[in-house]
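# Inside the fold
The primary structure of each chain is shown beneath.
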Amino acid sequence: MRNPLSQKVVEIKPSGIRKFFDVVSEMPDAISLGVGEPDFDTPWRIREEGIYSLERGRTFYTSNAGLKELKVEISRYLERKIDVAYDPDKEVIVTVGGSEGIDLAFRAMLDPGDEVLIPQPSYVSYLPCAVLADGVPVVIPLQQKNEFKLTREELEAAITPRTKILVLPFPNNPTGAVMSREDLEPVAEVVKEHDLFVLSDEIYSELTYKDDHVSIAALPGMRERTLVINGFSKGFAMTGWRLGYICAPEEIAKQMLKIHQYAIMCAPTNSQYAAIEGLRHCEGEVQEMRASYNQRRRYLMHEMKRMHLDCFEPFGAFYVFPNIQEFGMSSEEFATRLLEEEKVAVVPGSAFGDSGEGYIRISYAYSLDDLKEAVGRVGSFIDRMRNR
Amino acid sequence: MNDMRKQILKNLEVNSRIDLAELSVLLDIEEAVIANEIADMEKEGIICGYHTLIDWDKAGDDRVNALIEVRVTPQREKGFDKTAERICNYPEVTAAYLISGSYDILVTLEGKTLLEVSRFVSGKLSPIEAVISTTTHFILKKYKDHGTALMKRSKSERMAVTP
């Protein structure tokens, strides 16, 4: 029989996270700090709206780009939050989670050989999606000394004549880093100077703890060269509903819509109706969740300091990203031993790119009681490691 | 109200026993400042008490709770307040509210038996001069109390590790 597989796909590495998932699921008394989704249930009024839409028999396809009502609400929401206006008819596509937006953007914009700049550590999808779209991923390793922000120098050093897209994943998973307007300005300048496009993944935009999130699309001259990804998973605690959106200038949106139309048809109808309710009425719930995350973040940072773990203070998403290089182990070895010896699951930083090596990702999408128990175990583990 | 007070109160409302050192970490406010603020709010009558939410059924101590709608003739100059005050003096009364709608005061009552509660209503509440009539509703089951759901929650089905 001939080889049934595409060489391109075979060469893609499976996500390093999967392995841990398999081990943890065999350990009933393990505490996990490894989750990348909220611990909160979706606010009840959103769930209720989902139920109601099913009762009403709204079980058909919607138009490809999504329900008009939802697109209008998304457009209003973005204008309110990031001060950028998108035409709901031509520039907004409702997607199956934010992840689909990554795929759409790369496939619509890349020709073979075009380079995509991917700052790492970052979410696991950018690199394989770029490869699948025949792009060439170029990794920019971010550094703790810069609080894992992208600097002008790092960006300039990575640009070649083939560079087309810069991925901007802030607030960042796994580091929790955010980029302020002042941080974004020099990046925007370089982007314009080199005629690049930006794929700004803002899925954690609701979860910032110092200043409100700023989108690079709001900076002068950037709207026309930026694609904004956002969605309902993190801020509205709606991961399982699989609902996100991508907003882009009409010329790009038009092409992305073709891919979405042929590959997906439309995002789940039920989720779309529920999300309308979320955008209209759940600002309060979102703020409450953010306040809880912030308290847990402060608690964890306090404990990191107490344990003398080297960790920069993150102001976004729901992760802390402590440096574990002092223990002389790889992050995978550290995570494996922590799991085996103390039954606490964290994700090795290396799962988010080579520059994540030497770090672990700790999620605080857990109740304070869970965090306390887990921190106690991590504490005894590192004490033991230090006294070896 | 300032944001610090609001944050302190929100935490105390769900956990009045919270450790001040912990609260200080959670809110990023110095412990002494929090302690002062709490003392002030106690003095100002903003914090009125620290209660414990108890499931008495589970504790094996049977209690009967009732909601009583009370219609009252308002009194000259005093309105409903005088009658409400008289009602509140009874320790069996756990809460009393002036209500808009078809009756005037809603009284919540706790007793040991149905008989005890009905005796209270017929012997103490109804004879008050301004009280025109009462309607007693016995509580059969508490699903949620003081913002806390008392039903058993199903275990989270969230996966243990996700990107």
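Everything numeric here is computed off the predicted structure, so don't read it as measured data. (Residues numbered from 1 in each chain as written. Chains lettered and ligands numbered in written order. Predicted model: local features only at pLDDT ≥ 70, side-chain atom pairs only at ≥ 80, totals over all residues.)

### A look at the overall build of chain A
Using the following cut-off: Secondary structure elements follow DSSP: runs of H or I of four or more residues count as helices, runs of E of two or more count as strands, with numbering from the N terminus. Burial is judged by counting the other C-beta atoms within 10 Å of a residue's own C-beta: 20 or more makes it buried, 12 or fewer makes it exposed, and any count in between marks it as partly exposed, with every C-beta position built from the backbone. This entry defines residue contacts through backbone-placed C-beta atoms, with two residues in contact when those atoms are within 7 Å.
Along its length, chain A carries 13 helices and 12 strands. Taken over the C-alpha atoms alone, chain A extends approximately 60 × 60 × 55 Å along its principal axes. Split into buried and exposed, the 388 residues of chain A put 50% on the buried side. Long-range contacts, defined as pairs at least 24 residues apart, comprise 76% of the intrachain contacts of chain A with a sequence gap of at least 6.

### Quick word on the interface of chain A and chain B
Reports often express the size of an interface as the amount of accessible area lost when the parts come together. Test applied: Gly is put with the polar residues, along with every residue not named as nonpolar or charged; the nonpolar set is Ala, Val, Leu, Ile, Met, Phe, Trp, Tyr, Cys and Pro, and the charged set is Asp, Glu, Lys and Arg.
Contact with chain A, which involves 19 residues of that partner, is made by nine residues of chain B. Breaking the side of chain A that touches chain B down by element, the ones donating at least two residues are helix H2 (17–25) and helix H11 (283–306) of chain A. Considering every element that reaches the side of chain A that touches chain B, the biggest residue donor is H2 of chain A, with five residues. Looking at the side of chain A that touches chain B residue by residue, the classes come out as 10 nonpolar, seven polar and two charged.

### Considerations on the sheet that holds strand S4 (residues 136–141) of chain A
All names here are of chain A. Applied cut-off: Pairing between two strands requires that DSSP report at least two bridges joining them. Axis geometry follows a simple rule: fit a line to the C-alpha atoms, using only the stretch in contact for helices, then measure angles between N-to-C directions, giving values from 0 to 180 degrees.
Read across the sheet, seven strands follow the order S2-S8-S7-S6-S5-S3-S4 without closing on themselves; strand pairing throughout is mixed. Single-partner strands in this sheet number two, and they are strand S2 (92–95) and S4. Strand-to-strand, the axes of this sheet are offset by a mean angle of 20 degrees, without reference to chain direction. Here strand S5 (residues 163–168) pairs with strand S6 (residues 197–201) via four bridges, running parallel.

### Quick word on the confidence of the model for chain B
The predicted structure's coordinates, where accompanied by low pLDDT, should not be read in detail. How we decide: As a per-residue measure, pLDDT tells how confident the predictor is, with possible values from 0 to 100.
Of the residues in chain B, 100% have a pLDDT of 70 or more, and the chain-wide mean is 92. Among the prediction metrics, the complex's ipTM stands at 0.80, with pTM recorded as 0.91.

### Section: the packing of helix H12 (residues 331–342) of chain A against helix H13 (residues 368–386) of chain A
Residue and element names in this part refer to chain A. What counts here: Here the angle decides the label: under 35 degrees means roughly parallel, over 145 means roughly antiparallel, 65 to 115 means roughly perpendicular, and every other value means oblique. Note: crossing handedness is left-handed where the near helix turns anticlockwise from the far helix by less than a right angle, and right-handed where it turns clockwise.
At their nearest, the axes of H12 and H13 sit 10 Å apart, and the two run at 110 degrees to each other. If you check the angle between H12 and H13, you find them roughly perpendicular. Our pair here, H12 against H13, has a crossing hand that is right-handed. From H12, Leu338, Glu341 and Glu342 reach across to H13, where they touch Arg377, Val378, Ser380 and Phe381. Looking at the contact of H12 with H13, its residues break down into three nonpolar, one polar and three charged.

### Points about the environment of Met1 of chain A
Residue and element names in this part refer to chain A. With respect to the helices, strands and loops of the structure, Met1 is situated in the segment before helix H1 (7–10). With 3 C-beta atoms packed within 10 Å, Met1 lands in the exposed category. Distance from Met1 to Leu309, taken between C-alpha atoms, is 54 Å for residues 308 residues apart in sequence.

### Thoughts on the environment of Pro141 of chain A
Residues and elements named next belong to chain A. Positionally, Pro141 belongs in strand S4. Here Pro141 falls in the partly exposed class, since 15 other C-beta atoms lie within 10 Å of it. For the pair Pro141 and Gly356, spaced 215 residues apart in sequence, the C-alpha separation works out to 8.5 Å. Ignoring sequence-local partners within four residues, the contact set of Pro141 consists of Gln120, Asp354 and Ser355.

### Regarding the nonpolar core
So the rule is basically this: For the purposes of this analysis, a nonpolar core is taken to be any set of buried Ala, Val, Leu, Ile, Met, Phe, Trp, Tyr and Cys residues that are connected through C-beta atoms within 7 Å. Domain ranges listed in this record stem from an automatic or a database domain assignment.
Ala105, Ile246 and Val344 of chain A are the most contacted members of the largest nonpolar core, which totals 120 residues. Element by element, the count of residues in this core is highest for helix H5 (residues 97–109) of chain A, at six residues. Split by domain, the residues of this core number at least three in each of domain 1 (7–42 + 284–386) and domain 2 (58–281) of chain A. Discounting residues that sit within four places of it in the chain, Ala105 of chain A has contacts with Leu199, Leu227, Ile246 and Met256 of chain A. Counting residues in each nonpolar core, the second largest holds 13 residues, with Val70, Ala84, Ile87 and Val117 of chain B among its members.

### Quick look at the sheet that holds strand S9 (residues 319–320) of chain A
Residue and element names in this part refer to chain A. With respect to topology, three strands assemble into an open sheet ordered S9-S12-S11, the strand pairing being antiparallel. Because the sheet does not close on itself, it has two edges, and the strands there are S9 and strand S11 (347–348). As judged from the two bridges shared by S11 and strand S12 (residues 360–363), these two strands associate in the antiparallel manner. Note on S12: the bridge partner recorded for Val347 is Arg361.

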